[in-house]
Protein chains: 2
Amino acid sequence: MQGALKSSVRLLHTARTIIFSNYGAPKEVLQVLKHKLPEPGLGEATLKLIAAPINPSDINQIEGTYASKPEFSKRFGSSDAVAVPGNEGVFEVIGLGEPQTGIDRETNSKDVVNTSLNTLEVGDWVIPKKASFGTWTTFKNAKISDLISLGKPNGLTPLQAATIAVNPLTAYRMLKDFAKLEKGDWFIQNGSNSGVGRMAIQLAKLWGIKSINVVRDRRDIDELKQELHDLGADHVLTEEQVADRSIKTVISDWTNGAMCKLALNCVGGRSSTNIAKQLTDQGVIVTYGGMSKQPVGIPTSLYIFKDIHSRGFWVTKWKNNNPEEFEQMIQKVASMFRAKELEVTAINTVEFQNLENAPSEEFLSLFKSSIAKSGKYVIVAN
Amino acid sequence: MQGALKSSVRLLHTARTIIFSNYGAPKEVLQVLKHKLPEPGLGEATLKLIAAPINPSDINQIEGTYASKPEFSKRFGSSDAVAVPGNEGVFEVIGLGEPQTGIDRETNSKDVVNTSLNTLEVGDWVIPKKASFGTWTTFKNAKISDLISLGKPNGLTPLQAATIAVNPLTAYRMLKDFAKLEKGDWFIQNGSNSGVGRMAIQLAKLWGIKSINVVRDRRDIDELKQELHDLGADHVLTEEQVADRSIKTVISDWTNGAMCKLALNCVGGRSSTNIAKQLTDQGVIVTYGGMSKQPVGIPTSLYIFKDIHSRGFWVTKWKNNNPEEFEQMIQKVASMFRAKELEVTAINTVEFQNLENAPSEEFLSLFKSSIAKSGKYVIVAN
């Protein structure tokens, strides 16, 4: 390798990387590879894992059912072409190659290196700029131009940084880009207990927007309601409650007749029908998930007589279409985390000790066992 | 009455008017009233029926299930408040009251009278400006400001003029307002055999836009396909064919990989799902009817990964929101009919003779028996 280390100790790290060579059930197709990391090349940084979440989209990607496909290549000297799972995560910069200047061979552009990243320092936290980065690895080298720097943590937690690019961004853009929500306006969402749902509750509260939050009934429903109220939820309803015809009058009372300008749907099926019915004329329902695996069903009359709009949102596409705004958003959300205006809740952390020397199989089993469990997990290096 | 007749013979016409005083099944609630028409008042015209269609929306309005409600009042000296059905229709001007100028008492506006209508002449054909006009009557007086003049028929047929305000307009606006369809672009529709569907086929053909037309299978499917091809349809598929997974490849071949930019849906349920699947990225599905009485079901993945938009169109609302453009549209479509660029097909006409003296019950039974039959009917005065 031509690159020279600038400011870290010259050391070849031993990395453990989760890989798969064929799509399939994670417990069957995931493997782990132990390999020596080369020195970082020109314009590259050496990264050490801080935390990587296991998202449903990661699992679907391994299963081969996700729209965004990972890159398969014969990296690490493997005989088969392999892909590294993990779309999201935060790493610490532990080494830097020579900065890259001049004309980039790939893009033929003179300013491929983000100038803010030319000032990247060892100890900075970084997240991937794009999906399919392959975050399920203890160490990796990456092009600096593929990274967004969060600077030094300064109060940011591993959990916050690891999940900054999907849930808060999805909630933020959906509340901003589909309906003009002014202070005092209302929105309704299902799956309100999800990571995105909890972010939407908090952001709405911060911005003076009122929320009606639908969740599935469960044994500890009162606890969950209290938890969402504590985050800032104005009202919490069960799916059964919002399916009842009388709910329209109740919501009309709450909203002073205005009803909801926006509905956020991550469930589909009857649940999407029920929240769409609470929209005002020209209200918008935005679908970002489909937990029920049922189509989004909207009554004909809502389209024809109420002129409601039904749309979709995919944060991966938004990021690719808005690279500069994406970076600004990340910095904005990071500052909200640091100011304790937002918090990440209801996510389980699984700690992994001794990144450099722990057995590889242990690293692999953390992911496999977390995928097998219900709830959302983030692997945190310690 | 203060108005004086300007150019018609001074004659009090005997009108037969269909009425209902309660919502319900048309065969039960519809009645007929025979009454002497007063002379036309200030700013009014006396109208004689040329033709009035029976639309599904008229029937739903009588049943009380339509979003747009008719006006109930104690007109014609009836003891109960009654409404007159019929949203669409064409009339001949047979008398004119004194022209109304100056300040209108209702609106306090100085120019309430459409200047083009100040030139309204006996013999001109007129259609109502707004829905719920109450067209199911042999004669009526109406405010000139509530009318749109088509001028002298000049080749326009009663069928064309009577149906000008709904089907052609709905098809025209849906093809223009939701997607940018350039020459050679494709759209798909279900219920292609409907009045709107047949207009969409013809307009698309005129504009160089390609159509894929879905219809229900039937015994005379080959005849129907030929009929739609003759109107300008590029392809005609049955619901079964468009439900087959392999159809995507076929449509991709037809469209050279471009798929459809627009889908027009008047069916809902699985049919809407199947046509939505043929949309390109950011394609739009527009719902204007729901014959299956099933919700519009769109798979979550189409919203999230293909960013398709689902919207609705209601010609009544469009007319109310765009009164000037509506009048221009009517003149444009009338000139397309006169130029034989468009034709009205697959509508049954029922003739009614001797408007002035025929028995009232005969007039009522025309409507009742046409409602009871399948297919679309227009009552034409002869």
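For the structure itself, consult the block above.
These figures come from a predicted structure and were not determined experimentally.

**Student:** Before we go on, may I ask you to explain the pattern of salt bridges in this structure?
**Tutor:** Pairs may arise between side chains of opposite charge once their charged atoms sit close together. Taken as a whole, this structure holds 18 salt bridges over all chains when the rule is applied. Here Asp124 of chain A and Lys152 of chain A are joined by a salt bridge, their closest N and O atoms 2.5 Å apart. Here Asp124 of chain A is found in the loop between α3 (115-118) and β5 (125-128), whereas its partner Lys152 of chain A is found in the loop between β7 (147-151) and α4 (158-162), with 28 residues between them in sequence. Note on Asp124 of chain A: relative accessible area 5%, which makes it buried. Across the pair Asp281 of chain B and Lys317 of chain A runs a salt bridge whose closest N-O atoms are separated by 3.8 Å. Of this pair, Asp281 of chain B sits in strand β12 (residues 279-287) while Lys317 of chain A sits in helix α12 (residues 315-321), on two different chains.

**Student:** Mind showing me how you'd approach the packing of aromatic side chains here?
**Tutor:** Geometry of an aromatic ring pair is reported as the spacing of the ring centres plus the angle between the planes. Applying the stated criterion across every chain yields a total of 24 aromatic pairs over all chains. Between the NZ or CZ atom of Lys140 of chain B and the centre of the ring of Phe133 of chain B, over which it lies, the distance is 4.1 Å.

**Student:** What exactly am I supposed to notice about helix α7 (residues 221-231) of chain A here?
**Tutor:** All names here are of chain A. For α7, the full list of buried residues reads Ile221, Leu224, Leu228 and Leu231. Along the axis of α7, the buried residues cluster in a sector spanning 80°; they form a single face. Along α7, exposed side chains directed more than 90 degrees from the buried face belong to Asp222, Glu223 and Asp230. Against the buried residues of α7 lie α6 (195-207), β9 (210-215) and β10 (235-238).

**Student:** In this structure, what is going on with the environment of Ala81 of chain A? I would like to understand it.
**Tutor:** Residue and element names in this part refer to chain A. When you line up the elements, Ala81 lands in the loop between α2 (56-63) and β4 (90-96). Overall, the relative accessible area of 31% leaves Ala81 in the partly exposed class. Separated by 60 residues in sequence, Ala81 and Ser21 place their C-alpha atoms 6.1 Å apart. Setting aside anything within four residues of it in sequence, one finds Ala81 in contact with Ser21, Phe72, Ser73 and Lys74.

Rules used in this analysis
Residues numbered from 1 in each chain as written. Chains lettered and ligands numbered in written order. Predicted model: local features only at pLDDT ≥ 70, side-chain atom pairs only at ≥ 80, totals over all residues. Heavy atoms only, no water. Salt bridge = Lys/Arg side-chain N within 4 Å of Asp/Glu carboxyl O. Helix = DSSP H or I, 4+ residues; strand = E, 2+ residues; numbered from the N terminus. Buried < 20%, exposed > 50% of the residue type's maximum accessible area, 1.4 Å probe, protein only. Phe/Tyr/Trp six-rings, centres within 6.5 Å; stacked < 30°, edge-to-face > 60°. Lys NZ or Arg CZ within 6 Å of the ring centre and 35° of its normal. Arc of directions from axis to C-beta. Contact = heavy atoms within 4.5 Å.

This is a description of form; function is not addressed.
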